[in-house]
Amino acid sequence: MVRIALTFYLSNATQQNDLNDVQTALRNVITNAKLYGVQSQNAIVVRGTPDEILLAKSLIASLDLPKPEVLVDLYVMEVSREKLRNIGISLPTSLSVTSSSSSTLNQIASTSSYSYSIGQASVELLLTDSDNQVLQNPSIRAIDGQKATLKIGQRIPVATGSYTTATSSSSASVQTQFQYIDVGVNVEMTPTIHMDRDVTLKLSVEVSAETGTSTIDGVEEPIISQEKADQVVRLKEGEVSILAGLVKREFARSAGGTPGLGEIPVLKYLFSTQKTDRSDDELVLMLVPHVVRTTGVSTGSGREIGTGSGESIQLQRIPAQSTESPVTPQPAGPEK
C-alpha cells in the first residue's frame, strides 16, 4: 500500500498544549498513521495512506481555529466619609495653692506669701465633614482557558526574618531579610467562553492598601488592609456582576466636663464638651465581560466523513481545499 508524508502547519497554536491536543486527536482517530509534532515550527508531520492524509487534513482544519477572547472591565469604587463634631464648654477643673516662703508649720497661718492657680476654661465649637471617593477602572483581556493577571499599585517591603553574622571576634551584625508584596488592585482571571457568548470567569480580586506601621522587635512593619474575593461566575456578554460589597461603619462618642452638670440635657453643653465621630467606608467591586472573539466553528465542521468499514481508513473522494475551512466529504462518482 502506498504511503506518503505531509507536513501540516498550525496557524493558531500558541503553546505546547495546543500542538499536543491536535496531535493526540489525530493519533486516536488515525491509529495506523505515523505522527510527529515539531514545536519550533508549530507543525505536525503525518505519514500514512492518501486517505489517511486527507482525513488528517480535514481534522486539522476543523481543530486549528483561533481561540475566543474576552475583555473584562473592572470597576473598583471606594467611598469614605468622616463626620466629626465637637461642641461644649469646659470649666476649670483644677485649683492649686503654692507658697513662696520657707516658713515652718507654725508660721504658715500668719504668712501671706501664697499664689493661687486655677485651670483654664475652654470653649469648643468644631464641625468637620469630609468625603473621599476613589474610582479605578482597569480592563483586562484574556484568551479562553488562559490565566491573565493585572496588578495596579506598588510593592512594599516586609521583613521576613533576620540572622546574625560575626564581623570580628568581639562584634556581630544583624542582617534583616525582606520580601516585597503587591499592594493595590490585583486581579487574576481565567475565562471560559461558551458557544452562546456566555463567559465563565474564575476570579481572584484583591484590593489592599497600607494603613499604617507597627514596630516589631525594632523593625517597622506595614499594616495592610485587604479586601479579597475568590469565586467562579457565569455571565452573559455585557452583564454586570458585583463581586463584593463591604460596608464598614464606626461610631464613637465621648464627653468630658463637670460631673453631674455635664449630664443634664441641653445644659450639658455649658458644663462639658460632647465629641461625636462617625465614619463610613464602602467598597464595591463590579465587572462587565465583553466577548471580543468567539469560537470560529463553521457549519461544515459538524458534517460526517465516511472513513470505511474496516480498520484501515478508506475515504470517499474529497476535493482539495485550503486548511482554513474543514473538508466536506463528497460522494464518489462512478468510475469512467
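Within each chain, residue numbers correspond to sequence positions counted from 1 in written order. Per-residue local features are limited, in this predicted model, to residues with pLDDT of at least 70; the limit for side-chain atom pairs, both in listing and counting, is 80 or more; totals at the level of whole chains, interfaces and linings are taken over all residues. Calculation of side-chain values draws on the structure's entire complement of heavy atoms; hydrogens and water are dropped beforehand.

(A) The pattern of salt bridges, seen in detail. In what follows, salt bridge is the name for a side-chain nitrogen of Lys or Arg lying within 4 Å of a carboxyl oxygen of Asp or Glu. Under the counting rule described, the total for this entry stands at eleven salt bridges. With its nearest N and O atoms 2.8 Å apart, the salt bridge here joins Arg197 to Glu237. Linking Arg197 in the loop between β10 (172-193) and β11 (199-216) with Glu237 in the loop between β12 (219-235) and β13 (241-257), this pair joins segments that are 40 residues apart in sequence. The closest approach of N and O atoms between Arg234 and Asp198, which form a salt bridge, is 3.4 Å. Taken together, the residues span a long stretch of sequence, with Arg234 in strand β12 and Asp198 in the loop between β10 and β11 at a distance of 36 residues. Given the relative accessible area of 9%, Asp198 is considered buried. In this description a helix means any DSSP run of H or I spanning at least four residues, a strand means any run of E spanning at least two, and both kinds are numbered starting from the N terminus. A 1.4 Å probe rolled over the protein chains alone gives each residue an accessible area, and that area as a share of the maximum for its type sets the label: buried under 20%, exposed over 50%, partly exposed in between.

(B) Looking closely at a nonpolar patch on the surface. Without a salt bridge and with relative accessible area above 30%, a residue can belong to a patch; like charges are then joined within 9 Å and nonpolar side chains (Val, Leu, Ile, Met, Phe, Trp, Tyr) within 5 Å. Per-residue and other accessible areas follow the Shrake-Rupley method at a 1.4 Å probe size, with only the shown protein chains counted as cover for residues. Where nonpolar side chains cluster on the molecular surface, the patch consists of Ile264, Leu267 and Leu270 and spans about 230 Å² of accessible area. Among the secondary structure elements, Leu267 is positioned in the loop between β13 and α3 (268-271). Leu267 sits in the partly exposed class, given a relative accessible area of 40%.

(C) Broad picture of a positive patch on the surface. Judged by side-chain charge, Lys83, Arg85, Arg249, Arg253 and Arg278 come together as a positively charged surface patch. Those elements that place two or more of their residues in the positive patch are β4 (69-90) and β13. Overall, Arg85 belongs to the partly exposed group, its relative accessible area being 42%. Neither His nor the chain ends contribute to the count of charged residues, in which Lys and Arg are positive and Asp and Glu negative. Working definition for charges: the position is that of NZ of Lys, CZ of Arg, CG of Asp or CD of Glu.

(D) Local environment of the side chain of Asn186. Tracing the backbone through its elements, the reader meets Asn186 in strand β10. Relative accessible area serves as the criterion here: at 13%, Asn186 is assigned to the buried category. For Asn186, the side chain forms a polar contact with the main-chain oxygen of Asp182, separated by 3.5 Å. Residue contacts are defined here by distance: any two heavy atoms, one from each residue, within 4.5 Å place the two residues in contact. The contact partners of Asn186, leaving out residues within four places of it in the chain, are Leu150, Lys151, Ile152, Ser204, Val205 and Glu206. Counted as a polar contact is a pair of N or O atoms within 3.5 Å, where, for protein atoms, one must be capable of donating a hydrogen and the other of accepting one, and residues adjacent in sequence contribute only when both atoms are in side chains.

(E) Looking closely at the packing of helix α1 (residues 16-29) against helix α2 (residues 50-63). An axis is simply a line fitted to the C-alpha atoms; with a helix, the fit covers only the stretch in contact. Between two such axes, the angle follows the N-to-C directions and lies from 0 to 180 degrees. Where α1 meets α2, the axes come as close as 11 Å, and the angle between the chain directions of the two elements is 145 degrees. The two elements α1 and α2 meet at a crossing, and its hand is right-handed. Mapping the contact onto sequence places Val22, Ala25, Leu26 and Val29 in α1 and Leu55, Ala56, Leu59, Ile60 and Leu63 in α2. Here the term charged refers only to Asp, Glu, Lys and Arg, the term nonpolar to Ala, Val, Leu, Ile, Met, Phe, Trp, Tyr, Cys and Pro, and the term polar to all other amino acids, Gly among them. Of the residues in the contact of α1 with α2, the class split is nine nonpolar, no polar and no charged. Should the near helix be turned anticlockwise from the far one by less than a right angle, the crossing is left-handed, and should it be turned clockwise, the crossing is right-handed.

(F) Just the confidence of the model for the chain, in detail. Per-residue confidence from the predictor is reported as pLDDT, a score between 0 and 100. Mean pLDDT over the chain works out to 77, with 73% of the residues at or above the 70 mark. Per-element averaging of pLDDT across the chain places strand β6 (residues 114-118) at the bottom with 66 and strand β3 (residues 43-48) at the top with 92. Across residues 320-336 the pLDDT falls below 50, and counting only partners more than four positions away or on other chains, this stretch makes 30 contacts in the model.

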